[in-house]
Amino acid sequence: MTEIRIGFIPLVDVAPLVALKEIGFAREEGIEVSLHREISWSNIRDKLAVGLYDGSHLLAPMALATNLGLAGPPADLIVPYVLNLNGDVLCATSAFLEAVGLPPDAGAKDVAARIRAGALGRPVTFGVPFFFSTHHFLLRYWLASEGIDPARDVRIEVVPPPLMPEAIGNGVIDGMMVGEPWGSVAVDRGEASIFLSATEIWAGAPEKVFGMRRSWAEANAGAVQGLLRALYRASAWVQDPSNRVTLSELLAREAYLDLSAEVIERALSGDLTRTPQGLQGKIDRFVVFQDGASSFPWLSQALWLLTQMERWGFVSATPELQRVVRNTMAPNLYREALTPLGIAIPSANSKVEGALHESTPAASALGRLFLGPDAFCDGGVFDPAPSE
Amino acid sequence: MKIVVIDLQNERAGLIKEALAEAGFPDVVVVAETDRLLERLGELDPDAVLIDLEAPSRDMLEQMFEVSRQVKRPVAMFVDDTGESSIAAAVEAGVGAYVVNGLAKARIKPVMDLAISRYNAFTRLQTELDTAKAALAERKLIDRAKGILMKMRGIEEEEAYKLLRNTAMNQNRRIVEIAEGIVTTAELFHQ
């Protein structure tokens, strides 16, 4: 039996990988999976690159950054599967809200207005967990959509979730964009309020993906196909609300998140507690594990991330870089592996991002497929290449 | 050459600092976990940074790497000319190395090699220490169980040990597991 070593960071969106192992989806495909908790994304990236892991929970921009040679050891990674859309929250610390005269339940527009007005008398500092993270790009996108210049009006600092309480306590950050359950944990401690979710910035944002080394995937083609099928079943299981209680308990275990099941269940259901005073707020599609083609590795999503890297000056998107980014996503591997499941798979590799305000039928080889919603907060639309 | 060592384990950081000094790198500053890591590194202005891969602040250090791309001080993860093998050895040993200002690779190579060997040695020592501690704890537990048996059944030490060993053999369990059961039960009865 093949053993596949997978690294992960303790977050709610590791759920499909935990189900893959604990509910037995991997074993049904004759695969043994071992899950290894890591302290930093850099470690995960490096261990995947040098072969200590065969596959990994990755932030969507990470595999692109590696293949573009922007970070870490040289490696050639592929992304055949998107683990989830969204699941991040944007928080303001209680100290910040008080300092700028806002109530704990202040909305995003109010927070944006205070930042624009320079209410702190210094740039407002937001923490993000990693430089090449969806968090970072969505935060910048939202700031810009509110007329705030991320380079001038705010500071963005990398603060890993384990160090966030300390950074909040010392006033190093005024807010943070973070994956659940770490926003809810800060709310429960009375340290912050959740004022926006990633879903409200871009409803179709790929959050975590499953990455592998290209050479390993090619050398273990049979196991990889089985793994992707098992992962698809695991994602469907995770998405099913009737499994939520079991899943919360599983994720709460010491080996995974080591937190209360209750705080984990909030993120899975989208029923968030937004303020330390207990204000409840339901966010539709807060985190999506399996719906329509949510797990499909769209080239257009990767190309959008490239446009954001370019927008903020991290790269110059030459045709060569575009080619590298397209080549990182592996939609054909997804199709080959999942076709035997008889599910509806998109016929195209790319789509217009941001055009769907509700679930909409789309072309697929088998039956009817629904895509979206995938709207951006500013109503923007991203067309990767009109010819595709 | 100034080297900053970011390590949560004081003892190990001390060992590395000492070893580097012996190898001709006296200018070494150890930085423990801090929430103002980048500011601190800016002040220290090192040529190279060694970091414990168990440090959660590693992702913060990576930001410096990105920001530096646009400003004056290029920072890069150390990559050996010989290819992937030395990175793999470093990652496996649990240490990362970053070079600042395009420091010649030939100059950092010995620093990296030394860090890898010290990290591996430290892990080995720690494993040995953990094993020794566990063995000691087990022996104490068995001694307590023997004492309880001697008192309850009025038998000699040797006989108490035989009883433990035979029970373990019959149940296909370890002696320490039987001892643990006896100690726990005795504690329950005395509460």
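Analysis parameters
Residue indices begin from 1 for each chain and proceed along its sequence in written order. Throughout, the order in which chains and ligands are written sets their labels, letters from A for the former and numbers from 1 for the latter. The model is predicted, so local features are restricted to residues of pLDDT at least 70 and side-chain atom pairs to those at 80 or more, both for listing and for counting; the totals for chains, interfaces and linings are taken over all residues. For side-chain calculations, the full set of non-hydrogen atoms in the structure is used, while hydrogens and water are omitted. Helical segments are the DSSP runs of H or I of at least four residues, strand segments are the runs of E of at least two, and each set is numbered from the N terminus. Each residue is placed in one exposure class: buried if its accessible area under a 1.4 Å probe, protein chains only, is under 20% of its type's maximum, exposed if it is over 50%, and partly exposed if it falls in between. Working rule for contacts: check all heavy atoms of both residues, and any pair within 4.5 Å makes them a contact. The Shrake-Rupley method, run with a 1.4 Å probe sphere, supplies the accessible areas, and residue values consider only the shown protein chains as cover. Note on pairing: two strands pair once DSSP finds at least 2 bridges between them. Axis definition: a line fitted to C-alpha atoms, over the contacting stretch in the case of helices. Angles run 0 to 180 degrees between N-to-C directions. Identification of polar contacts relies on pairs of N or O atoms within 3.5 Å, with a donor-acceptor requirement for protein atoms, meaning one able to donate a hydrogen and the other able to accept it, and with residues adjacent in sequence counted only if both atoms are side-chain atoms. All domain edges in this entry derive from an automatic or database-based domain assignment. Summed over both partners, buried area is the accessible surface (1.4 Å probe) that two parts give up on being assembled. A pairing counts as a salt bridge when a side-chain nitrogen of Lys or Arg comes within 4 Å of a carboxyl oxygen of Asp or Glu.

A short note on the overall build of chain B
So, step 1. The number of helices and strands found in chain B is 7 helices and 5 strands.
So, step 2. When the elements of chain B are put in sequence order from the N terminus, they spell out β-α-β-α-β-α-β-α-β-α-α-α.
So, step 3. Put simply, chain B has 191 residues, and 41% of those count as buried.
So, step 4. Across chain B, every contact between residues at least 6 apart in sequence was considered, and the portion connecting residues at least 24 apart equals 64%.
So, step 5. With the model as given, the accessible surface of chain B reaches about 10600 Å², and the carbon-plus-sulfur share is 53%.

Observations concerning helix α17 (residues 331-338) of chain A
Residue and element names in this part refer to chain A.
So, step 1. Across the 8 residues that make up α17, a large majority, 6, are buried.
So, step 2. Residues of α17 that are buried include every one of Pro331, Leu333, Tyr334, Arg335, Ala337 and Leu338, and no others.
So, step 3. Where α17 is buried, its residues touch β4 (77-85), α12 (221-239) and α15 (299-311).

A look at the environment of A:Glu336
So, step 1. Following the sequence through the fold, A:Glu336 ends up in helix α17.
So, step 2. In sequence terms A:Glu336 and A:Gly118 are 218 residues apart; their C-alpha atoms lie 53 Å from each other.

Side note on the sheet that holds strand β3 (residues 55-59) of chain A
All names here are of chain A.
So, step 1. Here 5 strands make up an open sheet; going across it, the order is β2-β1-β3-β10-β4 and the pairing mixed. The sheet terminates laterally at β2 (31-37) and β4, the two strands that pair on one side only. Taking the axes of each pair of neighbouring strands and ignoring which way they run, one obtains an average angle of 25° across the sheet.
So, step 2. As paired elements, strand β1 (residues 2-8) and β3 share 2 bridges and run parallel to each other. The partner of Gly7 across the bridge, within β3, is Ser56.

Section: the side chain of A:Asp153
Residue and element names in this part refer to chain A.
So, step 1. Tracing the backbone shows Asp153 in the loop between α7 (134-145) and β7 (154-158).
So, step 2. According to the relative accessible area criterion, Asp153 is buried, its value standing at 17%.
So, step 3. Among the polar contacts made by the side chain of Asp153, one reaches the side chain of Arg152 at a distance of 2.9 Å.
So, step 4. When sequence neighbours within four positions are dropped, the list of residues in contact with Asp153 reads Ile115, Pro123, Val124, Gly147 and Ile148.

Structural notes on the domain arrangement of chain A
Residues and elements named next belong to chain A.
So, step 1. Split by domain assignment, chain A resolves into domain 1 (2-85 + 206-256 + 289-345) and domain 2 (88-201).
So, step 2. Domain 1 and domain 2 are separated by 27 Å when their C-alpha centres are compared.
So, step 3. Taken together, the contacts link 23 residues of domain 1 with 18 residues of domain 2.
So, step 4. Summing the contributions of domain 1 and of domain 2, the shared interface buries around 1700 Å²; its carbon and sulfur component is 75%.
So, step 5. Taken together, the links from domain 1 to domain 2 amount to 0 salt bridges.
So, step 6. Taken together, the connections running from domain 1 to domain 2 amount to 4 residue pairs in polar contact (both at pLDDT 80 or more).
So, step 7. When residues of the side of domain 1 that touches domain 2 are traced back to their parent elements, those giving at least two are α3 (41-50), α4 (60-67), β10 (206-213) and α15.
So, step 8. Take the side of domain 1 that touches domain 2: its biggest share by element is 5 residues, from α15.

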